[in-house]
Amino acid sequence: MRLPIVLVAGGLSLLAGCQTFTQPEPAAPTITTAPVVVEPQVTAPVEPEPIKITDVWQRIRLSLSLPVPDQKLVNQYRNWYLKHPQHLARVSERAEPFMYLIVEEIEKRNLPIELALLPIVESAFDPFAYSHGAASGLWQFTSPMAKHFGLEMNWWYDGRRDVPAATVAALDMMEYLYRKTNNNWLYAIAAYNTGEGRVLNAVKRNQAKGLATDFWALDLPRETERYVPQLLALADVIANADDYGISLYPIPNQPQLKVVDVGSQIDLALAADMAGMKLNELHSLNPGFNQWATAPEGPHRLVVPLEHAELFETKLAASDKDQRLKWQRYKIKSGDSLGLIAKRFNTTPSALRAVNDIKGNRIIAGKHLLIPVSSKDPAKYLLSADQRLQKRQSGGSGYKMTYKVKSGDSLWLIAKHHKVSVSKLAKWNGMAPKDTLSIGQKLVIWQKGDSKAVTRTVNYTVRSGDSLAKIASKFNVSVSQLVKWNSLSTKKYLQPGQKLKLYVDVTKSRV
């Protein structure tokens, strides 16, 4: 039994002795460290400062996208613009009220910004422009195209000159032409000038001959072949105006106009007073209105400067619709008709029917009509159709005569008879050379005369015994002049009491 005890005791002493040994430090565990990858320091890209566009011309420059090729006609038109910087200076000033509105509409539709320059090519930004082709307004719409794209035209109103309405119609037309011409903008722009049929037919002719079909290879009317190059040259001049030394009238890149729905017919003079503006200022922004008031059946929109809009809307809301026009009570006389009364009071039969709730044309003598009349002298409405025509008709040289159109007449025949050009005759009368005439229409004709002459208009009443030769001798004019001035026939005798008009040099007259 001792052995186990000894073994136990020895074992204990060994355990006790083991506690006096210096134990080696256990080995540190091996740590496998992945190689340190030093990431390159990435600097966040510095966003460029957004370009602050303060001028509409700058906005146009930044968006121009159509290529400007090195073509002879493009270069010619570029040179013309560079040699006539005053032209673009004038045009850019005229563009100021409307260009922001036009650019907004183009960008909203995602169309080429070059289209904003078309009114410069078409009308030099004159909303009253009327071309030889009977086109009118900034966008130079002909009557058929205007009607097709929703513009109204009547005695009171011509939508071709209503800038907001005509801009929408012109861009609708451009989108239509772009689709019709296989999404080719040069074709579409050419088609705006000459019609898509001519452009597509020119393409087909070239295809049939195995020729190139780009715009520059097409056989188109001379005007159209120059139309597209002129626009592209203009775009290049606008894009590089600073380099070319061209000064454009600055146009703030912010809304300048507000279109206000008036809700009823209103006298333009009254509307101008409500807006705190001069009559001509308001009418120049609303050139679609031909007369002294907005159209009875509408549109009832007026364009006013933004800074005048709040005052105008406030006063408009406080006004009674019946107070927006001046009224006259007229007693119908025997022999009257709506047409005669309308002509007398510078209005239309349809306006009289609408105001007086008349069905048809029947009116009764002794009854009364309410007739809208201008609040000011009609001569004060300088931008009305009548006043514009009078101004144009007074712009000739020599002496002015009036010709009354008769059956069988045309502008060409009248011009030939009076030895003037058709273009001048049309211009004097606010017409296009191809316009039709109506019997009884009065035309102004300017005839050449002695620059030292003192010409007076004489209204002469034919007396018993008078003849053309006797009257001509009396006033020192020719028989042929008497015949021309009064649209007479040499085969018919003069009648006592008949009225004649003569243009007499009082320094040579025997009277």
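Reading guide: rules and limits
For every chain, the first residue of its written sequence is number 1, and the numbers climb from 1 along that sequence. Local features in this predicted model are restricted to residues whose pLDDT is 70 or higher, and side-chain atom pairs enter the listing and the counts only when it is 80 or higher, whereas totals over whole chains, interfaces and linings include all residues. Hydrogens and water molecules were not included; the side-chain quantities draw on all heavy atoms of the structure. UniProt positions are given in the numbering used here, feature names are shortened, and annotations may be inferred rather than shown by experiment. Elements are defined by DSSP. Helices are runs of H or I of four residues or more, strands are runs of E of two residues or more, and each kind is numbered from the N terminus. A 1.4 Å probe rolled over the protein chains alone gives each residue an accessible area, and that area as a share of the maximum for its type sets the label: buried under 20%, exposed over 50%, partly exposed in between. Two residues form a contact once any of their heavy atoms are found within 4.5 Å. Per-residue and other accessible areas were derived by the Shrake-Rupley procedure at a 1.4 Å probe size, with only the shown protein chains allowed to occlude residues. Here, any two strands with at least 2 DSSP bridges between them count as paired. All axes here are fitted lines through C-alpha atoms, helices being fitted over the stretch that makes contact, and every angle between N-to-C directions spans 0 to 180 degrees. Polarity classes work like this: nonpolar for Ala, Val, Leu, Ile, Met, Phe, Trp, Tyr, Cys and Pro, charged for Asp, Glu, Lys and Arg, and polar for all others, with Gly in that last group. The rule is short: rings of Phe, Tyr and Trp, with Trp giving its six-membered ring, pair when the centres are within 6.5 Å, and they are stacked under 30 degrees, edge-to-face over 60, tilted in between. Salt bridges are counted wherever a side-chain nitrogen of Lys or Arg sits within 4 Å of a carboxyl oxygen of Asp or Glu. Working rule for angles: under 35 degrees goes down as roughly parallel, over 145 as roughly antiparallel, 65 to 115 as roughly perpendicular, anything else as oblique. Crossing chirality is assigned from the near helix's rotation relative to the far helix, an anticlockwise turn below a right angle marking it left-handed and a clockwise turn marking it right-handed. The definitions used throughout rest on a 1 Å grid laid over the protein atoms alone, on which a cavity is an enclosed set of points accommodating a 1.4 Å probe that cannot get out and a pocket is an open set flanked by protein within 12 Å on both sides along at least five of seven lines; lining residues are those having an atom within 4 Å of a point. Grid points are joined across faces, edges and corners, and a volume is the space filled by probe spheres set on the points. The set of buried Ala, Val, Leu, Ile, Met, Phe, Trp, Tyr and Cys residues whose side-chain atoms join them within 4.5 Å is what this entry labels a nonpolar core. Multiplying 1.5 Å by the helix residue count minus one yields the expected span of that helix.

As annotated in an unreviewed UniProt entry, the chain carries the name LysM peptidoglycan-binding domain-containing protein and is attributed to Shewanella insulae. What UniProt states about the chain under its Sequence similarities (unreviewed entry) heading is, verbatim, "Belongs to the transglycosylase Slt family."

Trainee: I'd love a proper account of the overall build of the chain, names of residues and values included.
Mentor: Each helix and strand in the chain was counted, giving 22 helices and eight strands. Among the 511 residues that make up the chain, the fraction classed as buried is 42%. Restricting the contact set of the chain to residue pairs at least 6 apart, pairs at least 24 apart contribute 67%. Surface accessibility of the chain: about 29200 Å² in total, with carbon and sulfur atoms responsible for 53%.

Trainee: Describe the pairing of strand E6 (residues 442–447), and please don't skip the residues or the numbers.
Mentor: Every other side chain in a regular strand lies on the same face of the sheet, so the side chains alternate between the two faces. Counting buried positions along E6 yields five of six residues, so the element is predominantly enclosed. Bridge analysis of strand E5 (residues 399–404) against E6 gives six bridges, and the strand direction is antiparallel. Paired with Tyr-403 across the two strands is Leu-443, which belongs to E6.

Trainee: Which residues make up the packing of helix H13 (residues 268–275) against helix H15 (residues 306–317), and what are the values?
Mentor: The interhelical angle for the contact between H13 and H15, taken along N-to-C directions, is 115°, at an axis separation of 7 Å. Here H13 contributes Ala-271, Asp-273, Met-274 and Ala-275 to the contact with H15, which in turn contributes His-308, Leu-311, Phe-312, Lys-315 and Leu-316. Across the contact of H13 with H15, the residue classes break down as six nonpolar, one polar and two charged.

Trainee: Could you give an account of unusual backbone geometry, with specific residues and numbers?
Mentor: Here Gly-298 and Pro-299 are connected by a cis peptide whose omega angle stands at 5°. Positive phi outside glycine occurs at Phe-125, with the angle close to 60°. Checked against the element boundaries, Phe-125 lands in the loop between helix H6 (118–123) and helix H7 (143–148). Its identity as a non-glycine residue notwithstanding, Asn-182 has a phi of 60°, on the positive side.

Trainee: Before we move on, can you summarise the packing of aromatic side chains with the specific residues and values?
Mentor: Two measures describe an aromatic ring pair: the distance that separates the ring centres and the angle between the ring planes. As enumerated under the stated definition, the model contains nine aromatic pairs in all. Plain terms: the ring middles of Trp-80 and Tyr-81 are 5.4 Å apart, the flat faces sit at 85° to each other, and that makes the pair edge-to-face. With a centroid separation of 4.2 Å and an interplanar angle of 15°, the aromatic rings of Tyr-178 and Trp-185 are classed as stacked. Put simply, the rings of Trp-155, Trp-156 and Trp-292 pair up and form one aromatic cluster.

Trainee: Outline helix H18 (residues 385–393), listing residues and values.
Mentor: By the burial criterion, the buried members of H18 are Gln-387, Arg-388 and Gln-393. Summarising the contacts, the buried residues of H18 are in contact with E5, helix H20 (422–428) and E6.

Trainee: Go over the pattern of salt bridges with me, naming the residues and quoting the values.
Mentor: A complete count under the given rule lists 13 salt bridges for this structure. Between Asp-172 and Arg-109 there is a salt bridge, with the nearest N and O atoms lying 2.7 Å from each other. Pair noted here: Asp-172 is in helix H8 (residues 163–180) and Arg-109 is in the loop between helix H5 (99–108) and H6, with a separation of 63 residues, a long-range link. Given the relative accessible area of 30%, Asp-172 is considered partly exposed. With its nearest N and O atoms 3.5 Å apart, the salt bridge here joins Arg-161 to Asp-158. Judged by relative accessible area, which is 6%, Arg-161 ranks as buried. In this structure, a network of salt bridges that share partners links the residues Glu-105, Lys-108, Arg-109, Asp-172 and Glu-175.

Trainee: With reference to specific residues and values, describe the packing of helix H3 (residues 72–83) against helix H11 (residues 222–239).
Mentor: Between H3 and H11, the shortest axis-to-axis distance is 8 Å and the interhelical angle comes to 55°. It follows from the interaxial angle that H3 and H11 lie oblique. Relative to H11, the crossing made by H3 is right-handed. Listed contacts from H11 to Leu-73, Val-74, Gln-76, Tyr-77, Arg-78, Tyr-81 and Leu-82 of H3 are Glu-225, Arg-226, Pro-229, Gln-230, Ala-233, Leu-234, Asp-236 and Val-237. Of the residues belonging to the contact of H3 with H11, the class tally is nine nonpolar, two polar and four charged.

Trainee: Give a description of empty space enclosed by the protein that names residues and reports values.
Mentor: Empty space among the atoms becomes visible once a probe the size of a water molecule is rolled across them. Applying the stated criterion to the full structure yields two cavities of 30 Å³ or more. Taken as a whole, the largest cavity encloses approximately 40 Å³ of empty space. In this structure, the largest cavity is lined by Asp-162, Val-163, Pro-164, Leu-285, Asn-286, Pro-287, Gly-288, Phe-289, Arg-301 and Val-303. Elements represented by at least two residues in the lining of the largest cavity include exactly H8 and strand E2 (301–305). Looking at side-chain class alone, the lining of the largest cavity contains six nonpolar, two polar and two charged residues. Surrounding the second largest cavity, Asp-162, Pro-164, Val-259, Arg-301 and Val-303 form its lining. Taken together, the residues that form the lining of the second largest cavity break down as three nonpolar, no polar and two charged.

Trainee: Could you give an account of the nonpolar core, naming the residues involved and the relevant values?
Mentor: The biggest cluster of nonpolar side chains holds 94 residues, and the ones touching the most others in it are Met-99, Trp-139, Tyr-192 and Phe-312. Sorting elements by how many residues they give to this core places H8 first, with nine residues. Counting 33 residues, the second-largest nonpolar core is a separate cluster that includes Trp-428, Leu-437, Ala-472 and Leu-482.

Trainee: Got a sec to walk through H15? Specific residues and values, please.
Mentor: Between its first and last C-alpha, H15 extends 17 Å over 12 residues, near the 16 Å set by a 1.5 Å rise per residue. Buried positions along H15 lie against strand E1 (257–261), H13 and E2.

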